[in-house]
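Residues per chain, in single letters:
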Amino acid sequence: MRRLIFAFLALSFLACSPARAQLTIEIVGGAGTTIPIAIVPFENEANWPLGITGIVAADLQRSGLFRSVEAGILPRPARAEDVKYGDFRARGADAAVVGSMRALGDGRVEVRFSLLDVVKQTQLVTMTYVVTPAQFRATAHRIADVIYEKFTGDAGVFSTRIAYITKQGSRFELIVADADGGNPQAIVASNEPLLSPAWSPDGSRLAYVSLENKKPVIYIQSMATGQRQVLANFRGSNSAPSWSPDGRRLVVTLTREGGSQLFLINADGTGVQRLLTSAGIDTEASFTPDGKALLFTSDRGGTPQIYRMTIATGAVERMTFEGSYNASPRATPDGKGFAFVRREGGRFMIAIQDYATRQVQILTPGPLDESPSIAPNSRMIIYAAQQGPRGILAGVSSDGRVKQRLVSPAADVREPAWGPLLR
Amino acid sequence: MRKWIIGALVVVAVAGCSSTGTQDAAPVDDKGPTATAPATTGGATTSGATTTGVSGTPAGGAGAASALKDPNNILSKRNVYFDYDQFVVKDEYKPLVEAHAKYLQANRGARAIIQGNTDERGTREYNIALGQKRADAVKKLMILLGASEIQIETVSFGKEKPRREGHDEASWAENRRADIVHAGE
């Protein structure tokens, strides 16, 4: 662990520290219907301490859309040709996965799997990966992505990463982990609060806000090198960064000209450009997926409500009308609507609104739910919640049916940001 | 506190060339050679801009500065409290705000920073903006009462630095607050 503490700054940064307390994901509610899938342990899988099929099964189970079925067929089929569909059918499986692992002698391993539709008795896909044992987890997530996509039609997000902030005592860390909570790495640590992590669209950089300078300042940090740069450190507060879909600019909230107002800024910190002028608060802006508009929170109407600004024309349209507190809008990547925080009866809950119908669905119970971040396939929303005295992360499907809880054994967890699909 | 001294020295060093305009009290475009540094060195915190608006020495000298610390002087009171979702400075805090405004008016070289805070309810970023609005409300009143714009920087901690961690009305009330901090403190 490379770690330097600068006493006079009362602040330290970690480049890379494995063995963070890992989040464990619990399913607390499932979808109405689930696809029963039999995942047969791969041939020779037991030769390696960390297998693959266990992670594939856990990924699919966690999505709430699949249910593992114990096949228990002996001898275990390893290739599509060996499969007797009737055996799987008899055990209630609609889908089956078989495969094999083979050491190539140079330290690498050939991983082969086939996905079968048991009902239609057809082979859906066969794929081969040549990987090192260190890549087993990543390979398992890729296999789970393929299976998820074949059966649901949506991209799988098991290979994506999430960023979040932990607070333990007076220590704050910005953590990046696999979407299942595995492999957590602290990329920033500070004795002052960190908030609002935002992924660049290519996943190579994270913008975030730090109070280490006794005021909110926005930084951008490279995932590959750990190098960081000040994005905005103007007079007053600098916060709420969000990237444009092309990764060249960010929208931020600055108070340098008085009040909390929206500005565009190039990713290198140049070209600051004011977007709007309002008498009240404008903040929490984020781009729509086409990059042409922004959703943001403003109290220009007397209470915090969500507005949409068309960037080219500057036209602003109010999006939420019910309730006295609607904030933190995040456009869904499918372009159909946005997730946000609604306060109702003193409870803060995550909700989703459809552009076309204007219909709002409340997805979570509160009482202090916030910071919604949407999976790149638009199917899940991860958010921060309060459980007793603890901050935790939770997940909910965008139809409200699947509910997950991401529990950290040691720290308060908050401010989740779901990373992009990396293809 | 060494950070303060270092920050103050840096800004004092550039103060001579930053006497025009309210936006020029400190480097606002922070892309000097220190702006890019490996996170492992903590280098991005080395800019003098960290102390924007709170640097400088009170022109009134040691006597004026000690008034800030005298527990019998109203200047030792720094906290302005707010109602839920509100950013109006209540009448009971006006004497306190006025005292600090007069102090800045009498000490034109003095600088202050006003830090806005909120309770834990509401989203983090909206609370940063709400805390900013509270700090701005105090600043506006101080300017009306004699302080000048360039003397005061307003920033917000939102709900990120609660003085009380409880989830009850007493904790919330304590955290809905703007704090006046004078340069060098």
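Residues numbered from 1 in each chain as written. Chains lettered and ligands numbered in written order. Predicted model: local features only at pLDDT ≥ 70, side-chain atom pairs only at ≥ 80, totals over all residues.

Side note on the overall build of chain B
Piece 1. A tally of regular secondary structure across chain B gives five helices and five strands.
Piece 2. Taken from N to C terminus, the helices and strands of chain B fall in the order α-β-α-β-α-β-α-β-α-β.
Piece 3. For chain B, with 185 residues in total, the buried portion stands at 45%.
Piece 4. In chain B, the proportion of contacts linking residues at least 24 apart, taken out of those at least 6 apart, comes to 70%. (Helix = DSSP H or I, 4+ residues; strand = E, 2+ residues; numbered from the N terminus. Buried ≥ 20, exposed ≤ 12 C-beta atoms within 10 Å, placed from the backbone. Contact = placed C-beta atoms within 7 Å.)

Considerations on the overall build of chain A
Piece 1. From N to C terminus, chain A includes three helices and 32 strands.
Piece 2. Against the globule reference of 22 Å for 423 residues, chain A gives a C-alpha radius of gyration of 23 Å, in line with a compact fold.
Piece 3. A buried classification covers 51% of the 423 residues belonging to chain A. (Rg over C-alpha atoms; globule rule 2.2 N^0.38 Å.)

Focus: the nonpolar core
Piece 1. With 146 residues, the main nonpolar core has Val 56, Ala 96, Val 97 and Ala 207 of chain A together with Val 138 of chain B as its most contacted residues.
Piece 2. If one sorts the elements of this core by residue count, helix α4 (residues 124-144) of chain B sits on top with eight residues.
Piece 3. The residues touching Val 56 of chain A, leaving out its near neighbours within four places in the chain, are Ile 39, Val 97, Ala 140, Ile 143 and Ala 144 of chain A. (Core = buried A, V, L, I, M, F, W, Y, C linked by C-beta atoms within 7 Å.)

Regarding the domain arrangement of chain A
Piece 1. Along its sequence, chain A is carved into domain 1 (33-152) and domain 2 (195-418).
Piece 2. The gap between the C-alpha centroids of domain 1 of chain A and domain 2 of chain A is 37 Å. (Domains from an automatic or database assignment.)

A look at the sheet that holds strand β24 (residues 326-331) of chain A
Pairing between the strands of a sheet is mediated by backbone hydrogen bonds and can be parallel or antiparallel.
Residues and elements named next belong to chain A.
Piece 1. A sheet is described by the order of its strands in space; here four strands give the open sequence β24-β25-β26-β27, paired in antiparallel fashion. Unpaired on one side and paired on the other, β24 and β27 (360-362) mark the two borders of the sheet. Strand after strand, the sheet turns through a mean of 30 degrees between neighbouring axes, direction not considered.
Piece 2. Here three bridges tie strand β26 (residues 347-354) to β27, and the two strands are oriented antiparallel to one another. Bridge pairing links Ile 352 to Gln 361 in β27. (Pairing = 2+ DSSP bridges. Axes fitted to C-alpha atoms, helices over the stretch in contact; angles between N-to-C directions.)

Details of the sheet that holds strand β6 (residues 95-103) of chain A
Residue and element names in this part refer to chain A.
Piece 1. Read across the open sheet, the five strands follow the order β5-β4-β6-β7-β8; overall the sheet is mixed. The sheet terminates laterally at β5 (66-68) and β8 (122-131), the two strands that pair on one side only. Between one strand and the next, the sheet's axes are offset by a mean angle of 25 degrees, whatever the strand orientation.
Piece 2. By the bridge criterion, nine bridges tie strand β7 (residues 109-117) to β8 in an arrangement that is antiparallel.

A closer look at the pairing of β26 of chain A
Residue and element names in this part refer to chain A.
Piece 1. Burial within β26 is extensive, with six of its eight residues counted as buried.
Piece 2. Sheet analysis places strand β25 (residues 337-344) next to β26, joined by eight bridges and oriented antiparallel. Across the sheet, residue Gly 337 finds its bridge partner in β26, namely Asp 354.
Piece 3. Connecting β25 to the antiparallel partner β26 that follows it, the hairpin turn spans two residues, and Gly 345 within it adopts a positive phi of roughly 55 degrees.
Piece 4. Linking two consecutive strands that pair antiparallel, namely β26 and β27, is a turn of five residues; a positive phi of about 60 degrees is found at Arg 358 within it.

Observations concerning the packing of helix α3 (residues 94-106) of chain B against α4 of chain B
All names here are of chain B.
Piece 1. Direction vectors running N to C along α3 and α4 enclose 60 degrees, while the axes themselves pass 8 Å from each other. Looking at the two axes, α3 sits oblique to α4. Classified by chirality, the crossing of α4 by α3 is right-handed. From α3, Val 97, His 100, Ala 101 and Leu 104 reach across to α4, where they touch Val 138, Leu 141 and Met 142.
Piece 2. Across the contact of α3 with α4, the residue classes break down as six nonpolar, one polar and no charged. (Parallel < 35°, antiparallel > 145°, perpendicular 65-115°, else oblique. Left-handed = near helix turned anticlockwise from the far one by under 90°. Nonpolar A, V, L, I, M, F, W, Y, C, P; charged D, E, K, R; others polar.)

Some thoughts on α4 of chain B
Piece 1. The end-to-end C-alpha separation of α4 of chain B is 30 Å, in line with the 30 Å expected for 21 residues at 1.5 Å each.
Piece 2. Of all 21 residues that make up α4 of chain B, 17 are buried, and the element is covered over most of its length. (Expected span 1.5 Å × (residues − 1).)

Regarding the confidence of the model for chain A
Piece 1. Averaged over every residue, the pLDDT of chain A is 91; the share at 70 or more is 93%.
Piece 2. Here residues 1-19 of chain A is modelled with pLDDT under 50, and outside its nearest four sequence neighbours on either side it reaches 40 contacts, counting other chains as well. (pLDDT = per-residue confidence, 0-100.)

Some details on helix α3 (residues 136-152) of chain A
Piece 1. A rise of 1.5 Å per residue sets the reference length of α3 of chain A, with its 17 residues, at 24 Å; its end C-alpha atoms lie 24 Å apart and thus fit the reference within 8%.
Piece 2. Following α3 of chain A by one or two positions, Gly 153 of chain A has its phi on the positive side, about 85 degrees.

Looking at the environment of Arg 76 of chain A
All names here are of chain A.
Piece 1. Locating Arg 76 in the fold gives a position in the loop between β5 and α2 (85-90).
Piece 2. In this structure the C-alpha to C-alpha distance between Arg 76 and Glu 43, which are 33 residues apart in sequence, comes to 7.8 Å.
Piece 3. Ignoring sequence-local partners within four residues, the contact set of Arg 76 consists of Val 40 and Pro 41.

Some words on the pairing of strand β13 (residues 205-210) of chain A
Residues and elements named next belong to chain A.
Piece 1. Of all the six residues making up β13, six are buried; the element is thus mostly covered by neighbouring parts of the structure.
Piece 2. What you see with β13 is no split at all: Arg 205, Ala 207 and Val 209 on one side and Leu 206, Tyr 208 and Ser 210 on the other are buried throughout.
Piece 3. Pairing analysis gives four bridges linking strand β12 (residues 194-199) to β13, with the strands arranged antiparallel. Within β13, the position partnered with Leu 194 by the bridge is Ser 210.
Piece 4. Here β12 folds back onto β13 in antiparallel fashion, the turn holding five residues, of which Gly 203 has a positive phi close to 75 degrees.

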